[in-house]
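# Architecture and fold: a report
Here are the chains, one letter per residue:
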Amino acid sequence: MSSAASPVLDATVFDATVCELGEGPLWHPLRRQLFWFDILNKSLLTQENDHTRIYRFETLVSAAGWVDERKLLIASDRELFSFDVETGAARTVCALEADNPATRSNDGRADPYGGFWIGTMGKNAEKDAGAIYRWYRGALRKLFAPITISNSIAFAPDGETAFFSDTVTGRVMRVALDEAGWPKGEPEVFLDLTSEGRNPDGAVVDESGLLWLAEWGSSRVAAYAPDGSCVRAITFDAPHTSCPAFGGDDLGTLFCTSARQGLGASARAAKPLSGMTFAAASGARGQKEHRVNL
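Residues numbered from 1 in each chain as written. Predicted model: local features only at pLDDT ≥ 70, side-chain atom pairs only at ≥ 80, totals over all residues. Heavy atoms only, no water.

Turning our attention to empty space enclosed by the protein. Scanning the entire structure with this criterion turns up 2 cavities of 30 Å³ or more. In this structure, the largest cavity occupies an estimated 70 Å³ of space. Taken together, Arg-109, Ala-154, Phe-155, Val-204, Val-205, Gln-287, Lys-288, Glu-289 and His-290 make up the lining of the largest cavity. Contributing elements (two or more residues each) for the lining of the largest cavity: strand S15 (150-155) and strand S19 (199-205). One number sums up the size of the second largest cavity: a volume of about 60 Å³. Around the second largest cavity, the lining residues are Gly-24, Pro-25, Leu-26, Ala-64, Asp-107, Gly-108, Arg-109, Cys-243 and Glu-289. Every element with two or more residues in the lining of the second largest cavity is listed here: strand S3 (22-28) and strand S11 (103-110). For the lining of the second largest cavity, the per-class residue count stands at 4 nonpolar, 2 polar and 3 charged. (1 Å grid on protein atoms, 1.4 Å probe; cavity = no way out; pocket = protein on both sides within 12 Å on 5 of 7 lines; lining within 4 Å. Points joined across faces, edges and corners; volume = space filled by probe spheres on them. Helix = DSSP H or I, 4+ residues; strand = E, 2+ residues; numbered from the N terminus. Nonpolar A, V, L, I, M, F, W, Y, C, P; charged D, E, K, R; others polar.)

Below you can see the structure in the form of structure tokens.
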């Protein structure tokens, strides 16, 4: 619990499996189950009956949207594919930079219109190697490029605004959406964290419009109001918070993945919970994750 002297809410470990690069948490609203990824270990993880289940893949996997009770749309380093979590059956939906072995998928999220936004990046974070795409109604279209580290893909509750970031810029952008969910006009700066030295990573928007942003290297997820002011922060016992998601029975639990990537031996010893997946009472209510329409 938070102390009387501190306004932050403490997070606890939800799953103690150590991920090298935890990412992409997704609360499946039909299964009432959290899924998340360890990108560098090519794994999708979940909890079933109080046990951790790990699905292994041959490619780097990073983000997903839910299609129905059994199927997810998963982004890998070469494609988007549907995956049946009960049978393990997989089917290619479309290629994703399959002709470029230097890049992989990173942050992604389903949009309010049944589409799926997915970012790519260089496997070694090469400058300007990535982009942000949208899969919608059977086609993949590039939205923004060049991008170095794609992140912070999230959507306002009214479906009229999308957010994204290129982590190395220290800025979160927002862009207006048209009636079919396509960007209209040019993106504008929503948050500029460069003066604070914070690195925007994954993000999610709650039902009131607060953007909850994982800040890599800062041991926290911070909630920002539509005017850009920081109204709340939840601290974690892991420096590299990577992506938040709302879930639980009332969508009031904030889950967050973390990573050991980039931490030396002494930092890993000092922060042994790094790479684990956390949960915290948020004091907010999330949006139900949108369904991807295949």
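Text resumes after the structure shown.
Once that is clear, we can look at the UniProt feature "active site" (unreviewed entry) in the protein chain. Here the UniProt-annotated "active site" (unreviewed entry) positions come out as Asp-201. Mapped onto the elements, Asp-201 comes out in strand S19. If we skip the residues at most four places from it in the chain, Asp-201 touches Glu-23, Asn-151, Ser-152, Ser-165, Thr-167, Leu-213, Ala-214, Trp-216, Thr-241 and Ser-242. (UniProt positions renumbered as here; feature names shortened; annotations may be inferred. Contact = heavy atoms within 4.5 Å.)

Across the protein chain, pLDDT averages 96, with 97% of residues at or above 70. This stretch, residues 1-8, has a pLDDT under 50; its non-local contacts, to residues over four places away or in other chains, come to 6 contacts. (pLDDT = per-residue confidence, 0-100.)

Moving on, we get to the sheet that holds strand S23 (residues 241-247). Note on sheets: strands pair through backbone hydrogen bonds, and any given pair is parallel or antiparallel. Strand order in the open sheet made by the 4 strands is S2-S25-S24-S23, with antiparallel pairing throughout. Every other strand in the sheet has two partners, leaving strand S2 (12-15) and S23 as the edge strands with one partner each. Neighbour-to-neighbour, the strand axes of the sheet open up by a mean angle of 35 degrees, direction not taken into account. Judged from the 6 bridges that link them, S23 and strand S24 (residues 253-258) form a sheet pairing that is antiparallel. Across the sheet, Ala-245 pairs through a bridge with Phe-255, a residue of S24. (Pairing = 2+ DSSP bridges. Axes fitted to C-alpha atoms, helices over the stretch in contact; angles between N-to-C directions.)

Summarizing the sequence annotation, UniProt attributes the feature "binding site: substrate" (unreviewed entry) to Arg-104 and Asn-106 in the numbering used throughout. Considering only the residues just annotated, the largest pocket is lined by Arg-104 and Asn-106. What makes Arg-104 buried here is its relative accessible area of 6%. Apart from the residues within four sequence positions on either side, Arg-104 is in contact with Leu-21, Ile-39, Leu-60, Asp-77, Gly-119, Thr-120, Met-121 and Lys-123. Polar contacts involving the side chain of Arg-104 include one to the side chain of Asn-106, which spans 3.0 Å. Each residue touching Asn-106, except ones within four places of it in the same chain, is listed here: Glu-23, Ile-39, Ser-62, Ala-63, Ile-118, Gly-119, Thr-120, Met-121, Ile-149, Ser-150 and Asn-151. (Buried < 20%, exposed > 50% of the residue type's maximum accessible area, 1.4 Å probe, protein only. Polar contact = N/O pair within 3.5 Å; in protein donor to acceptor, adjacent residues only side chain to side chain.)

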